[in-house]
Each structure stands twice: as structure tokens, then as C-alpha cells.
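Overview (structure and organization)
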2 protein chains.
Amino acid sequence: MTEGTQSQLDAVTVSQSPIERFEEYLQSRKLRITDQRRFLVEQVFSRHEHFDADQLIDQLPRKGHANYVSRPTVYRTLKEFVDAGLLRSFELNGRSVYEHDYGYPEHDHFYCVKCHALLEFQSEQLIQLRDEVAKQHRFRVRSHRFIIQGVCDACNRQSSRMRRKQDLV
Amino acid sequence: MTEGTQSQLDAVTVSQSPIERFEEYLQSRKLRITDQRRFLVEQVFSRHEHFDADQLIDQLPRKGHANYVSRPTVYRTLKEFVDAGLLRSFELNGRSVYEHDYGYPEHDHFYCVKCHALLEFQSEQLIQLRDEVAKQHRFRVRSHRFIIQGVCDACNRQSSRMRRKQDLV
DNA sequence: ATCGTTGCAAACGTTTTGCATAAGG
DNA sequence: CCTTATGCAAAACGTTTGCAACGAT
């Protein structure tokens, strides 16, 4: 069984909160439970959307205010979240995008090139296909990233509406 | 029919060389056929492997020598190759990776996290699955990127061999 | 003659680093 | 008290830009 699949199973099976899981991870590595780390877990799991480092920082208190966390610490902590299995990350347009891994079902994405929305979908068949192909090539799967680029339903409707009214694209 | 699929069909159907196709593309957009562009097409299509901008630049003549092409021009031209349908690009570890699109069959990748090799595989089923899922979500497909991360056969064999001899991971 | 292209240097946006200070265990 | 974590400033990284000189059409 692959690591990717393993952590997925944990995610749905186990009933720990993200903070609990992270503290366990930190303790197992003799790392420290700090105010910043606690606060960031809380912030990151308060919303379900995909986000990048800047979006997270924007939602955090500014310098001089309570619970301020510096930019380097945000980056360092995001990496730890990925290691701890709380988040997954992938790259889009030159920056890292994060999403919940822990306690969140496995899925893949549509990426709309017009509105830049990331939409999720699930496909059990895809996992089967992945594992089959990997087996044929004797490749041990750890995880995968599948992004379908194109135009989402909303943008499709909008551009056909515009085409009718004016002659903008 | 999606744009991605369209250019694939062209690629296998048409019998133009990459340079011919690129010149046609340039002419259609009233862009110019320069020494640098000609030279870069030649270089890029002289090898079949995946590459990034730095790897390409390393294989090019140095400053002061014949056929020197500056870094910005390499970047600008790689973008044009993608527009022209000669290359496709995707992001890996924070940089853009390019591969032949024109005259090369559609495929996806295994990425070995140990040796960092990119291995190709083809799956007709994957395309069908992609189009099916997209249809269900009324998403108009332009292209996709599917990367399976894990450990390749060679690295698997190597690490089991080492485990037997010593007790290195 | 025009207008796209090049090379240079400098900027860019994102992420990482070295280091002194702070704080968890 | 020991060591890890933090914030700061600065660097690093891959890539892009403004601009003057150059060159294709």
C-alpha cells in the first residue's frame, strides 16, 4: 500500500482534530508546540478553500498586532503541515497552492483558465487506473496530481451570453 | 473537440518539420524568422528528453561564441514554442519543464522522488476518463496534467539491494 | 522605413537563508 | 539550561521587463 493512500485512510478513520494530530507529529520529532504553530493550524483549518502563502498571510494579523506571524515562519510552518499530513500542496502558476489533506477526501481538480477557479472532483476509477498503470510499470505510487485545465461551466455560459449580446470574445 | 486534442491530431497527421511549422506560425502572426529562433528550434528538437530553461541554456554556446542566445530570448522563445504547439510545459519543483508536443504522442508522467526521473506512459483510458468526468461537470477541456509521484523500478531495486547488504534506508 | 527582436541590466514575485534573540521543554 | 523557533533583513531562485540598439521585411 502506498503512503498517499495510507494517509488518506487515516484521515477518514481517525477522529483526532488537526491540532491534536499536529501536536503528536511535533512530539514524535521532538519539535516544539509554539503559539505560532497552534495559531496557524487554527487559521488554516478554519476555511476549506485552496490557498497560497500570500492568501494565508493576508488573513493573518498584521505586524504589531496580537498573533502576528512572520512570513518566513508561515512558509516554514506550511512545510511542516505538509510533512505532518495536514495539508497537501501543488504548484500552479509559479506558486505553491495548499489544501486540506487531513480529514478531507481524496480528489482532483479542474482549473478554469478564465476565472482561475479550482474545482474539485472525485473519481474512484482514476485511482484504479493510476494503480493499474503504475503496477504495469513497476512504479511504487506515493501520490499523484491530476489537473484538468479548460473552461468551467460558469465561464462557458458567460462567454456565450456575451457573444450573443456584443461581439466580445 | 478540445484544443489539446486538436493539436495532438495535427501532430501525428501532418508531415511538416518543427522548423517549418514554427515558420508558418511566425508568418501567420507577422512575427519574424530570426537566427536565434531558427537555432533554438534546431537545438530543442535535437534531443527528446524533458528539459528546463537552464538545461537548454547549458547546452547552448556561451556568450562571445557563435549562435549565442541570451537568457531572456531563450525564455521568450520557449513561450512562443508553447504557443506554436511545438512544446508543452508544466511545473515541477518550482520551475517550468518543457517537452516535445509537436510530432510526439500524448502521454503522462511518473516522477521518481528518489532519482528525479520523469518517465512517460500512455493511457487511452485516462483520456476517456478525463473527458467523461469533464462532461459530467460541464467543463470544457483544454488540456490536462497528470503526474504520478513515487519511486521508480530502478530505485526500488536499488534500495532493496542496499537493504540486504547494509542497513542504509 | 518600419516595426518586431535582441541583449543588457535591472526588476520581479515567491520562497529561503543566516543570524541574533526569544521561548519551549 | 539547553536547544529549537522566531523575526528580521537579506539573499536566492527562476523568470520577466524596460529600453536602446539591431535587423528582418
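Residues numbered from 1 in each chain as written. Chains lettered and ligands numbered in written order. Predicted model: local features only at pLDDT ≥ 70, side-chain atom pairs only at ≥ 80, totals over all residues. Heavy atoms only, no water.

A word on the domain arrangement of chain A. All names here are of chain A. What the domain assignment reports for chain A is domain 1 (12-104) and domain 2 (105-169). The gap between the C-alpha centroids of domain 1 and domain 2 is 25 Å. Each side of the interface is counted separately: domain 1 has ten residues, and domain 2 has nine residues. Taking both partners together, domain 1 and domain 2 bury about 960 Å²; carbon and sulfur atoms supply 56% of that area. The largest per-residue losses of area from domain 1 upon contact with domain 2 belong to R88, F90 and Y104, which jointly make up 53% of the total buried on that side. At the junction of domain 1 with domain 2, the criterion picks out one salt bridge. Across the salt bridge formed by R145 and E99, the nearest N and O atoms sit 3.7 Å from each other. Summed over the shared surface of domain 1 and domain 2, the result is six residue pairs in polar contact (both at pLDDT 80 or more). Breaking the side of domain 1 that touches domain 2 down by element, the ones donating at least two residues are β2 (87-92) and β3 (95-100). Looking at the side of domain 1 that touches domain 2 residue by residue, the class counts come to four nonpolar, four polar and two charged. (Domains from an automatic or database assignment. Contact = heavy atoms within 4.5 Å. Buried area = accessible area lost by both parts, 1.4 Å probe. Salt bridge = Lys/Arg side-chain N within 4 Å of Asp/Glu carboxyl O. Polar contact = N/O pair within 3.5 Å; in protein donor to acceptor, adjacent residues only side chain to side chain. Helix = DSSP H or I, 4+ residues; strand = E, 2+ residues; numbered from the N terminus. Nonpolar A, V, L, I, M, F, W, Y, C, P; charged D, E, K, R; others polar.)

Below, the discussion takes up the sheet that holds strand β4 (residues 108-112) of chain B. Strands sit in the order β5(A)-β4(A)-β6(A)-β6(B)-β4(B)-β5(B) across an open sheet of six strands; the sheet is mixed. Edge strands, defined here as strands with exactly one partner in the open sheet, are β5 (118-121) of chain A together with β5 (118-121) of chain B. This sheet shows a mean twist of 25° between the axes of neighbouring strands, independent of strand direction. Across the sheet, helix α6 (residues 124-136) of chain A is in contact with β4 (108-112) and β6 (140-151) of chain A together with β4, β5 and β6 (140-151) of chain B; its angle to β6(A) comes to roughly 130°. Seen against the sheet, helix α6 (residues 124-136) of chain B touches β4, β5 and β6 of chain A together with β4 and β6 of chain B and runs at an angle of roughly 130° to β6(B). (Pairing = 2+ DSSP bridges. Axes fitted to C-alpha atoms, helices over the stretch in contact; angles between N-to-C directions.)

The predicted model of chain A has a mean per-residue pLDDT of 89, with 88% of residues at 70 or higher. Overall, residues 1-12 of chain A carries pLDDT values under 50, and its contacts beyond four positions in sequence, including any with other chains, amount to 19 contacts. (pLDDT = per-residue confidence, 0-100.)

Moving on, we get to the relation of the copies chain A and chain B. Superposition of chain A onto chain B requires a rotation of 179° combined with a translation of 0.0 Å along the rotation axis, giving an RMSD of 0.1 Å. Expressed as an axis order, the relation between the two copies is that of a two-fold axis. It is A:F146 whose C-alpha, among those of chain A, lies nearest the rotation axis, at 2.2 Å. Residue by residue, 100% of the interface of chain A is reproduced at the interface of chain B, so both copies engage with the same surface. (Least-squares fit on C-alpha atoms with pLDDT ≥ 70 in both.)

This part takes up unusual backbone geometry. The backbone of A:K30 shows a phi angle near 55°, a positive value even though the residue is not glycine. If you trace the backbone, A:K30 turns up in the loop between α2 (18-28) and α3 (35-44). Residue A:K30 is classed as exposed on the basis of its relative accessible area, which comes to 78%. Its identity as a non-glycine residue notwithstanding, B:R138 has a phi of 50°, on the positive side. One can find B:R138 in the loop between α6 and β6. (Buried < 20%, exposed > 50% of the residue type's maximum accessible area, 1.4 Å probe, protein only.)

Here we come to the protein's contact with DNA strand D. Taken together, 24 residues lie around DNA strand D, and A:R32, A:Q36, B:R32, B:Y75 and B:K79 are the ones closest in. A:R37 places a polar side-chain atom, nitrogen or oxygen, 2.8 Å from a phosphate oxygen of DNA strand D. Within the side chain of B:K79, one N or O atom sits 2.6 Å away from a phosphate oxygen of DNA strand D. Where the surface near DNA strand D is concerned, the elements lending two or more residues are α3 and α5 (71-84) of chain A together with α4 (53-58), α5 (71-84) and β3 (95-100) of chain B. For the surface near DNA strand D, the leading source of residues is α5(B), giving five residues. (Near = heavy atom within 4 Å.)

Before going further, it helps to spend a moment on the interface of chain A and chain B. By a widely used convention, the size of an interface equals the accessible area lost when the partners come together. Between chain A and chain B, the contact holds 39 residues from the first and 39 residues from the second. Taking both sides of the interface into account, the surface hidden between chain A and chain B amounts to around 3,100 Å²; carbon and sulfur atoms contribute 60%. At the junction of chain A with chain B, the criterion picks out zero salt bridges. For the pair chain A and chain B, the interface holds 14 residue pairs in polar contact (both at pLDDT 80 or more). Where the side of chain A that touches chain B is concerned, the elements lending two or more residues are β2, β4, β5, α6, β6 and α7 (153-165) of chain A. With twelve residues, β6(A) is the largest single contributor of residues to the side of chain A that touches chain B. Across the side of chain A that touches chain B, the residue classes tally to 18 nonpolar, ten polar and eleven charged. In the sheet, β6(A) pairs with β6(B) via eleven bridges, with the strands oriented antiparallel. Considered in β6(B), the bridge of A:R145 is made with B:I147.

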